[in-house]
Amino acid sequence: MTTQLFINGEWVPGSAAAINTLNPATGEVITGVASASPAEVDGAVAAARAALAAPAWAGLLPVQRAALLFRLADLIEENAEELARLETTDQGQPLAISRAVSVTGAAEHFRYFAGWVTKIQGSTNPISYPDTLHYTRREPIGVNALITPWNFPLMILSWKLSPALATGNTVVIKPSEVTPLSALRLVELAVRAGFPPGVINLVTGDGAVGALLSAHPDVDHLSYTGSTAVGRVITRAAADSNLKRLTLELGGKAPSIIAADADIDAAVAGNLAGAILNSGQVCAAYTRFYVDAAREAEFVDKMAAGLAALRLGPGLEEGTQLGPLVSERHLTHVRDLVAGGLRAGAEVITGGQRAPGAGYFFEPTLLTGVRDDMAIMHEEVFGPVLAVTAYDAAEELDAVIARANNTEYGLAATVWTRDIATSQRLANGIRAGAVFVNMPPIPDMAAPWGGYRASGWGREMGPQALDAYTETKAVWLHYGRE
Ligand code: NAD
C-alpha cells in the first residue's frame with residue numbers, strides 16, 4: 001500500500017522526513033510514512049478549495065453524491081478483513097474489535113450519511129415582513145481539515161469524513177502519526193469509489209502538520225478528535241487565524257455509578273466491557289467507579305476476578321481480549337498515573353504493572369482506596385485501569401452526582417440500577433454528552449456524540465453532525481410592489 005501524501009488526486013512523496021509507524025504488539029517498525037511540508041499542506045488546502053466549486057463535485061446531483069458514499073461503504077466491507085488486520089497491526093486493538101467495531105462502524109457511517117444526502121432540507125419561515133418569501137438553504141461549509149487521534153483511527157476518521165462528504169464539502173485529512181495506515185487505505189478506497197480529484201486530500205505527519213492546518217487562513221472548519229491539551233492549542237490557532245469553525249471531540253473521564261439495587265453480575269460484565277475495550281484507550285471508557293458502600297466488596301471481588309481472567313496478547317492472535325497500549329510513550333503515561341495513585345494511598349487489587357514482552361502491554365488494573373482529589377480520579381488515564389470508591393447510601397443521590405461531576409470533562413457516564421426513578425435522577429444530574437443506563441458505552445451513527453465542558457464543542461453522528469459541516473443561509477425574496 002502507498003505511504004505517500006494524497007493531493008489533488010495524486011499520490012506524492014512528502015518533502016519532510018518520513019516518520020516510522022510501529023507495531024505496538026512487538027515494538028517493530030511496520031513502515032515509514034511520508035510527512036508533509038508547509039508548501040504541501042498549502043497545496044492540499046488549495047486543491048480542496050478548487051474542488052469545492054468544480055463541476056465534477058459541486059455539479060453532482062444529490063443522488064449521484066449519495067451513490068459515491070454508498071460505493072465507499074461497499075468497498076470498506078469488501079476489504080473488511082484486510083482493513084481490520086491493518087488497524088490491528090498499526091493500533092494494537094484485538095482483531096475482534098477491529099472487525100466488529102472499527103471496520104463495521106466505518107462502513108455503517110458512510111451508509112448512514114449516504115442516506116442523508118437526499119434528505120438535507122432548509123425551511124420556509126413565517127417572518128413578519130410583508131410580501132416576502134423567506135427560506136433557508138443548507139450550504140457546504142467549505143474546506144474542512146480533519147485531524148484524528150490514534151485510538152480508533154479508521155472509525156473516527158469515518159465519523160468526520162462521511163458527514164463532510166455527504167454535505168458536499170471537500171477535506172484535508174491529517175491522521176495521527178502514531179497510526180496513519182488505515183487512513184491511507186481508506187483514501188485509496190475512496191479513489192476507487194470515484195470521488196473526484198481534490199475532494200479528498202491527505203497530509204500525513206506529526207502535530208506540526210496539524211498546527212499548519214489549525215492556523216491556515218483558507219480552512220473553513222476544522223474537526224478535531226484528540227487530547228484536551230491539543231484542543232486548546234488548536235482553538236487558539238483558529239482564533240488567531242481566520243476564526244475557522246471548530247468541532248472538538250476531546251478527553252473524557254467517565255464515571256460509573258453503581259446503586260445498591262444494581263444487578264452486580266450485569267454491572268461487572270458491562271463495566272468490564274466499558275472499561276477495557278481497546279485496552280481502555282477509549283474517550284468514553286468507564287474509569288471512576290462510585291459503588292454503593294453496601295455492594296462495594298462484592299463489586300471489587302467480581303471485577304478483579306474478571307480483569308485477572310482476561311486474555312492479554314497481540315491483537316492479531318485470535319482470542320486475544322486485551323491488546324497492547326499504542327506506544328511506549330503512552331505506556332509510560334499510564335504507568336506513571338498508577339504509580340502516582342499508589343504513592344497517594346491507593347491500593348492495587350489486581351494488575352498494576354507492565355506485562356512481559358517486547359510490546360507495550362499493561363496488566364488490567366483495579367485500584368481501591370482512591371480519593372476524589374487523586375490525579376487518578378480526575379486525569380485521563382486512557383488505559384486498562386479502574387479506580388473504585390464507595391458512596392454512602394444514606395447520602396442524597398445529589399452527593400454522588402456532585403462527585404461524578406467533579407472533573408473538567410463531561411463526555412460520557414454510566415449508571416447501574418434497576419430503579420427507574422434513580423436512573424432518571426442520575427442521568428439528568430450528570431453533566432455529560434452521553435449517559436448509558438445499564439450498558440457499555442457504544443457509539444452509534446444515529447446517536448449524537450460529543451462532550452460537555454472540556455470534553456469538546458459540537459456533536460458528531462446523528463443529524464447533528466450535518467450542522468457542523470453546513471452553513472445556514474437565509475434568503476429574503478420581496479415580491480411586494482413597494
Ligand atoms: P493528540 O492530541 O496527541 O493527537 C491527536 C491529533 O492531533 C494527532 O493527529 C496529532 O498529530 C495532532 N496534533 C498534535 N499536536 C497538534 C497541534 N499543535 N495542532 C494540531 N494538531 C496537532 O491525541 P491522541 O493522544 O492521538 O488521542 C488521545 C486523545 O483523544 C485522548 O485525550 C482521548 O480522550 C481523545 N479522544 C476523544 C474522543 C471523543 O470522541 N471525544 C474520541 C477518541 C479520542
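Report on the accompanying structure. From a predicted model like this one, the values you see are computed outputs, not experimental measurements.

1. Things to note about the overall build of the protein
Okay, step 1: Within the protein, the regular secondary structure consists of 16 helices and 19 strands.
Okay, step 2: For the protein, whose C-alpha radius of gyration is 23 Å, the value lies close to the compact-globule estimate of 23 Å for 482 residues.
Okay, step 3: In terms of its C-alpha atoms, the protein occupies a principal-axis envelope of roughly 75 × 60 × 40 Å.
Okay, step 4: Counting across all 482 residues of the protein, residues that qualify as buried make up 55%.
Okay, step 5: Long-range contacts, defined here as pairs at least 24 residues apart, represent 74% of the contacts in the protein between residues at least 6 apart.
Okay, step 6: Taking the average place of the 35 positive charges on the side chains of the protein and the average place of its 49 negative ones, the gap between the two points comes to 4 Å.

2. A look at the site of the ligand
Okay, step 1: In the neighbourhood of the ligand, 31 residues make up the surrounding shell, with K174, E177, Y224, S227 and E380 lying closest.
Okay, step 2: Here an oxygen atom of the ligand and a backbone polar atom of T148 are 2.8 Å apart.
Okay, step 3: Within the contact set of the ligand, an oxygen atom lies 3.0 Å away from a side-chain nitrogen or oxygen of W449.
Okay, step 4: Those elements that place two or more of their residues in the shell around the ligand are helix 8 (207–214), strand 9 (221–225) and helix 9 (228–240).
Okay, step 5: For the shell around the ligand, the leading source of residues is helix 8, giving 4 residues.
Okay, step 6: Classifying every residue of the shell around the ligand gives 15 nonpolar, 11 polar and 5 charged.

3. Observations concerning the nonpolar core
Okay, step 1: Grouped together as the largest cluster of nonpolar side chains are 47 residues, with contacts concentrated most on I76 and F195.
Okay, step 2: Those elements that provide at least two residues to this core are helix 3 (62–78), helix 4 (80–91), helix 5 (95–116), helix 6 (153–166), strand 7 (170–174), helix 7 (181–193), strand 8 (200–202) and helix 16 (464–468).
Okay, step 3: Considering every element that reaches this core, the biggest residue donor is helix 7, with 8 residues.
Okay, step 4: Here I76 is in contact with L83, V103, A106, A107, F110, L186 and L189, once residues within four sequence places are set aside.
Okay, step 5: Core analysis: the next-biggest nonpolar cluster, separate from the first, contains 41 residues, V268, A285, V291 and L411 among them.

4. Some details on the pairing of strand 3 (residues 16–23)
Okay, step 1: When strand 3 meets strand 4 (residues 28–35), the two strands line up antiparallel, connected through 6 bridges. The partner of I19 across the bridge, within strand 4, is V33.
Okay, step 2: In sequence, strand 3 turns back onto strand 4 through a hairpin of 4 residues, with G27 there showing a positive phi of about 80°.

5. Things to note about the packing of aromatic side chains
Okay, step 1: For the structure on display, the rule yields 6 aromatic pairs.
Okay, step 2: Here the aromatic rings of F6 and W11 are separated by 4.6 Å at their centres, their planes lie at 45°, and the arrangement is tilted.
Okay, step 3: For the ring pair F289 and F299, a centre distance of 5.9 Å and an interplane angle of 35° mean the geometry is tilted. Here F299 lies in helix 11 (residues 296–308) and F289 lies in strand 12 (residues 286–292), a separation of 10 residues in the sequence.
Okay, step 4: You can call F289 buried: its relative accessible area is 0%.
Okay, step 5: By relative accessible area, which is 0% here, F299 ends up buried.

6. Points about the environment of L22
Okay, step 1: Here L22 lies in strand 3.
Okay, step 2: Sequence spacing of L22 and N406 is 384 residues, and the spatial spacing of their C-alpha atoms is 37 Å.
Okay, step 3: With residues up to four places along the chain from it excluded, the contact list for L22 reads G27, E28, V29, I30, T89, D90 and Y360.

7. A closer look at the side chain of K174
Okay, step 1: With respect to the helices, strands and loops of the structure, K174 is situated in strand 7.
Okay, step 2: Of note is the side chain of K174, whose polar atom sits 2.9 Å from the backbone oxygen of G205.
Okay, step 3: The residues touching K174, leaving out its near neighbours within four places in the chain, are L146, I147, T148, V203, G205, D206, V209, G210 and L213.

8. A word on unusual backbone geometry
Okay, step 1: With a phi angle near 55°, N278 is a residue other than glycine that sits in the positive phi range.
Okay, step 2: Take N278: its relative accessible area is 3%, and that puts it in the buried class.
Okay, step 3: One non-glycine residue with positive phi stands out, namely N438, at about 55°.
Okay, step 4: Position of N438 among the secondary structure elements: in the loop between strand 17 (434–437) and strand 18 (456–457).

9. Quick word on helix 11
Okay, step 1: Between the first and last C-alpha of helix 11 there are 18 Å, a value that for 13 residues agrees with the 18 Å anticipated at 1.5 Å per step.
Okay, step 2: For helix 11, the complete set of buried residues consists of F299, V300, M303, A304 and L307. Buried residues in helix 11, looked at end-on, bunch into an arc of 125°, giving them a common side. Every exposed residue of helix 11 that faces more than 90 degrees away from the buried side is listed here: A297 and D301.

10. Some points on the pattern of salt bridges
Okay, step 1: One pass over the structure, following the stated rule, counts 25 salt bridges.
Okay, step 2: One salt bridge connects K302 with E298, and the closest N-O pair in it is separated by 3.0 Å. Within this pair, K302 and its partner E298 are both found in helix 11, separated by 4 residues, close to a single helical turn.
Okay, step 3: Residue classification places K302 among the partly exposed residues on the basis of a relative accessible area of 32%.
Okay, step 4: E396 is the partner of R425 in a salt bridge, and the nearest nitrogen-oxygen pair spans 3.9 Å. On the criterion of sequence distance, the pair formed by R425 in helix 15 (residues 420–429) and E396 in the loop between strand 15 (385–391) and helix 14 (397–404) is long-range, its members being 29 residues apart.
Okay, step 5: Through salt bridges that share partners, E81, R85, R99 and E318 make up one connected network.

11. A word on helix 14
Okay, step 1: The complete set of buried residues in helix 14 reads L397, V400, I401, R403 and A404. Here the buried residues of helix 14 occupy an arc of 160° about the axis, which is enough to place them on one side.
Okay, step 2: Turning to helix 14, the residues buried within the fold contact strand 11 (254–258), strand 12, strand 15 and helix 15.

Procedures and definitions
- Along every chain, residues carry numbers that run from 1 in the direction the sequence is written.
- Selection of residues for local features in this predicted model requires a pLDDT of at least 70, selection of side-chain atom pairs for listing and counting requires 80 or more, and totals for whole chains, interfaces and linings are taken over all residues.
- Water and hydrogen atoms were dropped before computing side-chain values, which therefore reflect all heavy atoms in the structure.
- Counting from the N terminus, the helices are DSSP H or I runs at least four residues long and the strands are E runs at least two residues long.
- Radius of gyration here uses only the C-alpha atoms, and the compact-globule reference equals 2.2 Å multiplied by the residue count raised to the power 0.38.
- Partly exposed residues are those whose accessible area sits between 20% and 50% of the maximum for their type, while under 20% is buried and over 50% is exposed, using a 1.4 Å probe and protein chains only.
- It only takes one pair of heavy atoms within 4.5 Å for two residues to be counted as in contact.
- Think of it this way: Lys and Arg go in the positive column, Asp and Glu in the negative one, and His and the chain ends go nowhere.
- A single reference atom marks each charge: NZ on Lys, CZ on Arg, CG on Asp, CD on Glu.
- Residue proximity to a molecule or strand is established when one non-hydrogen atom of the residue lies within 4 Å of it.
- Here a polar contact is recorded for every N or O atom pair within 3.5 Å, except that within protein the pair must consist of a potential hydrogen donor and a potential acceptor, and residues adjacent in sequence are included only if both atoms are side-chain atoms.
- Under the scheme applied, nonpolar residues are Ala, Val, Leu, Ile, Met, Phe, Trp, Tyr, Cys and Pro; charged residues are Asp, Glu, Lys and Arg; polar residues are all the others, including Gly.
- Within this scheme, the nonpolar core is defined by two criteria: the residues are buried Ala, Val, Leu, Ile, Met, Phe, Trp, Tyr or Cys, and they are joined through side-chain atoms within 4.5 Å.
- By definition, two strands form a pair when at least two bridges between them are found by DSSP.
- Only rings of Phe, Tyr and Trp enter the pairing, Trp through its six-membered ring, and a pair is recorded when the two centres are within 6.5 Å. The plane angle decides the type: under 30 degrees is stacked, over 60 is edge-to-face, the rest tilted.
- Helix span, as expected, comes to 1.5 Å for every residue beyond the first.
- Here the arc refers to the set of directions running from the helix axis out to each C-beta atom.
- Should a side-chain nitrogen of Lys or Arg be within 4 Å of a carboxyl oxygen of Asp or Glu, the pair is scored as a salt bridge.

The values reported here are purely geometric and, on their own, carry no functional implication.
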